[in-house]
Amino acid sequence: MHDNPGGRGARRAPARPLHGRVAVVTGAARGVGEALARSLSDAGMRVALLGRERATLLETAASLPGPSICVECDITDRATLAEAARRVERELGAASVVVANAGIAVSGPFDRTAAELWQRVIDVNLIGSANTARAFLPQLAATRGYLLQIASTAAFGAAPMMSAYCASKAGAESFALSLRGEVEPDGIQVGIAYLHWTGTDMLTGLDDDPVLQALRRNQPRPARRVHSAAQVAEWLTRGIARRSRQVYAPPWLRWCQPLRPLFPVLVARTARRELRARPSVRLSSRGEVLGTGGRADWGAYQESRTTPPSGR
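From a predicted model like this one, the values you see are computed outputs, not experimental measurements.

Thresholds, definitions, all that
Residues numbered from 1 in each chain as written. Predicted model: local features only at pLDDT ≥ 70, side-chain atom pairs only at ≥ 80, totals over all residues. Heavy atoms only, no water. Core = buried A, V, L, I, M, F, W, Y, C linked by side-chain atoms within 4.5 Å. Buried < 20%, exposed > 50% of the residue type's maximum accessible area, 1.4 Å probe, protein only. Helix = DSSP H or I, 4+ residues; strand = E, 2+ residues; numbered from the N terminus. Axes fitted to C-alpha atoms, helices over the stretch in contact; angles between N-to-C directions. Parallel < 35°, antiparallel > 145°, perpendicular 65-115°, else oblique. Left-handed = near helix turned anticlockwise from the far one by under 90°. Contact = heavy atoms within 4.5 Å. Nonpolar A, V, L, I, M, F, W, Y, C, P; charged D, E, K, R; others polar. Phe/Tyr/Trp six-rings, centres within 6.5 Å; stacked < 30°, edge-to-face > 60°. Pairing = 2+ DSSP bridges.

Caption draft 1: Local environment of the nonpolar core. In terms of nonpolar packing, the biggest core is built from 43 residues, with V24, A48, L50, V88, V98, F136 and L147 touching the most fellow members. Sort the elements by how many residues they give to this core and helix α4 (residues 115-143) lands first, with seven residues. One finds A35, L64, L148 and L236 within the second-largest nonpolar core, a separate group that totals 33 residues.

Next comes the structure, spelled out in structure tokens:
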């Protein structure tokens, strides 16, 4: 799985660099996580699927062509995640690839979003990513492996009505950049994946918000295109095989990196115009969880808060 330095005399990279290795994908019950688990399994990897929806995880795992296990766990719970890591190593072997993909989103004005719900997005997307890294770094050190942090173009330019999601993805990007410098001496490589519009049920919820819909409508035509989860998974798998420092989905996003200082200004201008044209939107909207996976996590979290611990 190590990068081929190229040049005359360099050894040729293996034709199937991922074959026989172990991958861990969080948020694997649906969407990009499910598609990526399938793509990595197709590439010959043994895959551990981590997520909140046990029935969906089992269904996905049963459909994969290669060996797999599924572990129902909450990535904000360090003890549960540590046990999941031990199970992966025990049943599949030490992980060579870990993808911190699990994420949820809330759409709505900051001041009309319940504080606990807003914090849950931060806890899952940012703290959960750090917990995932902490749990699996010993295995990645042993295999000189690769950690891929799933970020978003939300880290490029924060959108209104998405404050928790944008803050969490910008934080996850910064976390991965910091971690990269720490673990490279141990042979671990850290990549960051920047995803744009992807055809999941989270996007369906976004398009229900007129301001966010307007932001997408005002982007250049290529930037408005929605890519399937399968296509995004293919790009991610290619980046994982190359141990890329950055993975862009779609690939043309790499050319946007130098323009990042402009994005907050452009987004703010469009948002200001749309909010002035629709003053009732902000007043009538309430913060809502987007997508089936997000609702499943929020429901399970609320249940865990109200269910008393069982006695011994």
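Caption draft 2: A look at the packing of α4 against helix α12 (residues 291-306). Where α4 contacts α12, the two axes come as close as 11 Å, and the packing angle between them is 110 degrees. Relative to α12, the element α4 is oriented roughly perpendicular. Seen along the crossing, α4 lies across α12 with a hand that is right-handed. Residues E116, L117, R120 and V124 of α4 form the contact with α12, whose participating residues are D297, W298, Y301 and R305. Residue classes in the contact of α4 with α12 are distributed as four nonpolar, no polar and four charged.

Caption draft 3: Up close: the packing of aromatic side chains. If you walk through the whole model with that rule in mind, you get four aromatic pairs. Where Y194 meets Y248, the ring centres are 5.5 Å apart and the plane angle is 15 degrees; that geometry is what we call stacked. Here Y248 lies in strand β8 (residues 246-249) and Y194 lies in strand β7 (residues 189-195), a separation of 54 residues in the sequence. On the accessibility criterion, Y248 (7% relative accessible area) is buried. Here a set of aromatic residues connected by ring pairs shows up, and it is made of F156, Y194 and Y248.

Caption draft 4: Expanded view of unusual backbone geometry. The linkage connecting A249 with the following residue, P250, adopts the cis geometry, with an omega of 10 degrees. Looking at the element boundaries, P250 is found in the loop between β8 and α10 (263-277). Positive phi, close to 70 degrees, is recorded for M161, a residue that is not glycine. With respect to the helices and strands, the residue M161 is situated in the loop between β6 (146-152) and α5 (163-183). Unlike most non-glycine residues, R243 shows phi in positive territory, near 55 degrees. You can see R243 is positioned in the loop between α9 (229-242) and β8.

Caption draft 5: Structural detail: the sheet that holds β6. If you walk across this open sheet you meet the seven strands as β3-β2-β1-β4-β6-β7-β8, and the pairing is parallel. Two strands bound the open sheet, and with one partner strand each, they are β3 (68-72) and β8. With strand direction ignored, the average angle separating the axes of adjacent strands in the sheet is 15 degrees. Pairing analysis gives five bridges linking strand β2 (residues 46-51) to β3, with the strands arranged parallel.

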